[in-house]
Amino acid sequence: MFRVNFCLKETATSDAISRFVKHWFEIENYTKEKYAFLADRTDNAQAKALFNQLSSSGDRHAKILQSIREMLVETGEIDKEVTLHIRVRTPGDKPQRWGTPIEETYHAMKDHLELEAGLKEAYEEISDMIENQEAQKLFRMIAMDEKKHHAMLLAMMRFFE
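Let me sum up the structure you'll find in this document. (Residues numbered from 1 in each chain as written. Predicted model: local features only at pLDDT ≥ 70, side-chain atom pairs only at ≥ 80, totals over all residues. Heavy atoms only, no water.)

**Details of the pattern of salt bridges**
Where side chains of opposite charge bring their charged atoms close, a pairing between them can arise. The tally for this structure, following the rule as stated, stands at seven salt bridges. K22 is the salt-bridge partner of E26, the closest N and O atoms lying 3.3 Å from each other. Remark: K22 and E26 occur in helix α1 (residues 17-41); sequence separation between them is four residues, near one turn of the helix. For E26, a relative accessible area of 42% translates into the label partly exposed. Between E121 and K120 there is a salt bridge, with its nearest N and O atoms 3.3 Å apart. Given the relative accessible area of 23%, E121 is considered partly exposed. Given a relative accessible area of 16%, K120 falls into the buried group. (Salt bridge = Lys/Arg side-chain N within 4 Å of Asp/Glu carboxyl O. Helix = DSSP H or I, 4+ residues; strand = E, 2+ residues; numbered from the N terminus. Buried < 20%, exposed > 50% of the residue type's maximum accessible area, 1.4 Å probe, protein only.)

Put into structure tokens, the structure is as follows:
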């Protein structure tokens with residue numbers, strides 16, 4: 001259904017912190033929409049609850065990223081050039097055909113499993129590169145959430161298997 005691409009320590013990307021934060025804001029909004037879509041598409045009560053929870057988290061993370069951006073604007077760090085070894089991209093909207101709705105949901109979870117892991121790594125890496133301690137804490141908090149999301153998706157996938 002959705003393909004996820006993230007490169008972990010394969011290629012480095014240099015850019016201003018503002019560009020990374022903007023990109024992650026877009027990804028978090030993407031996850032908000034896609035998880036809500038998946039919640040509507042499944043009849044499995046546990047999967048529906050998980051997807052709704054993950055959709056809410058995407059919305060919350062986008063708001064936190066806005067706050068981080070404001071903090072870094074105040075300190076001037078927002079324009080600092082950094083090099084990250086993780087690139088996270090949203091999956092393309094290239095639909096795939098699965099035999100059953102369960103298969104579709106399973107493969108969507110599998111794709112998003114990678115996305116959650118990539119976001120976790122990116123947030124951890126950037127938190128070590130900024131000086132603003134409050135922004136560091138917020139990035140680490142979001143990274144911990146992404147780690148939990150990864151674990152919850154993995155558990156749900158095992159249930160589906």
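**Thoughts on the nonpolar core**
Counting residues in hydrophobic clusters, the biggest one holds 26 residues, and the most contacted among them are I17, W24, L65, I68, Y123 and F139. Mapped by element, the contributors of at least two residues to this core are α1, α2 (45-75), β2 (81-89), α3 (101-127) and α4 (133-160). Considering every element that reaches this core, the biggest residue donor is α1, with six residues. Residues Y35, Y106, M157 and F160 belong to the second largest nonpolar core, which totals 15 residues. (Core = buried A, V, L, I, M, F, W, Y, C linked by side-chain atoms within 4.5 Å.)

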